[in-house]
Amino acid sequence: MYQRILLPTDGSKASSTAAEAAVTLADQFDAELHVIHVLEHDQSSTDSVTAPARNGEEAVRAAVELAASSGITATRRVIEKRTSIHQEILTYTAEHSIDCIVMGTRGRSGLSLSRAVLGSVAELTLRESPVPVMTVHEETVIDADISSVLVPTDGSECAHTAVEHAGELSRSVDATLHIIYVVEIGQVLNGGRVERLREALEEIGEKALDFALEKVQSSTYLHTETSLVTGPPYLEIVRYAEEHDVDCIVMGTHGRKGIRRFLLGSVTERVIRRADVPVISVK
């Protein structure tokens, strides 16, 4: 499924976790691993090697050595920034036919790759990447194998794309696929006819789950579990992942315009920040 994986790194703790995730993913899929660091212009000064440059180059070396310890030969490259860092990442992605990017974030404090230089790189990459982006943070737990995958659906076209990707991922590694629909409790608390409204929302959820199940079972059999849960969506998704020992969450975004909303407090952004497992965002 994933043949060429890209790991942009900057030497942060989150990038170290991302390196572990990228190596694990490359090992499970027998994929090529590309490790890059993008230098700012002032980092490439001929007068002296700055601390950020040293950190970036050392991070690349550490990731390559980590890959080698798992029997993976990684391609390494330090790139001098010509445009913006995220554009350099996306240009490398296009030029080398990368099909998955693995990036570090700063978890509960917000999306970021670094305290200073790379503050918006993860956000911009997620917004514009044409390929799936796996994000992790410092507290993310990386399992050696993906044996269970969670994908939330809301019945939207974007969710259908995520379901398809999650189904393909689960089938490729023989994992159990969990599909959930969250009935947001806030939608029913203020209604005059709470029970009837709740029942209507649950019926919508059941139809969305049935449609998702039909999509992933349309070819070969896939072990799938579906659940309808109630509560704040991001909290219920994270809770479900924890209670069912999920190894990875797949979530849809809404393209360039929607991703801007997604990074300003929506469900996907909150799950990325709070989940203790890797999150793969797809369009």
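Residues numbered from 1 in each chain as written. Predicted model: local features only at pLDDT ≥ 70, side-chain atom pairs only at ≥ 80, totals over all residues. Heavy atoms only, no water.

Turning next to a negative patch on the surface. Taken together, Asp-27, Asp-30, Asp-143, Asp-145 and Asp-245 make up a surface patch of like negative charges. Tracing the chain through its elements places Asp-27 in helix α1 (residues 13-29). (Patch = residues over 30% accessible without salt bridge, like charges linked within 9 Å, V, L, I, M, F, W, Y side chains within 5 Å. Areas by Shrake-Rupley, 256 points an atom, 1.4 Å probe, with all protein chains shown as cover. Salt bridge = Lys/Arg side-chain N within 4 Å of Asp/Glu carboxyl O. Lys, Arg positive; Asp, Glu negative; His and termini not counted. Charge placed at Lys NZ, Arg CZ, Asp CG, Glu CD. Helix = DSSP H or I, 4+ residues; strand = E, 2+ residues; numbered from the N terminus.)

Quick look at the pattern of salt bridges now. Tallied over the full model, the rule gives seven salt bridges. A salt bridge links Glu-88 to Arg-82; its shortest N-O distance comes to 3.1 Å. Glu-88 sits in the buried class, given a relative accessible area of 3%. Relative accessible area serves as the criterion here: at 60%, Arg-82 is assigned to the exposed category. With its nearest N and O atoms 3.7 Å apart, the salt bridge here joins Lys-207 to Glu-203. You can see Lys-207 and its partner Glu-203 sitting in helix α7 (residues 194-216), four residues apart, about one turn around the helix. Owing to a relative accessible area of 47%, Glu-203 belongs among the partly exposed residues under this scheme. Here the salt bridges share partners, and the residues they tie into one network are Glu-236, Arg-239 and Glu-243. (Buried < 20%, exposed > 50% of the residue type's maximum accessible area, 1.4 Å probe, protein only.)

Below, the discussion takes up unusual backbone geometry. The phi dihedral of Asp-30 falls on the positive side, at around 50°, and the residue is not glycine. On the accessibility criterion, Asp-30 (74% relative accessible area) is exposed. Unlike most non-glycine residues, Asp-245 shows phi in positive territory, near 55°. By the element assignment, Asp-245 lies in the loop between α8 (233-243) and β9 (248-252). The exposure class of Asp-245 is exposed, given its relative accessible area of 59%.

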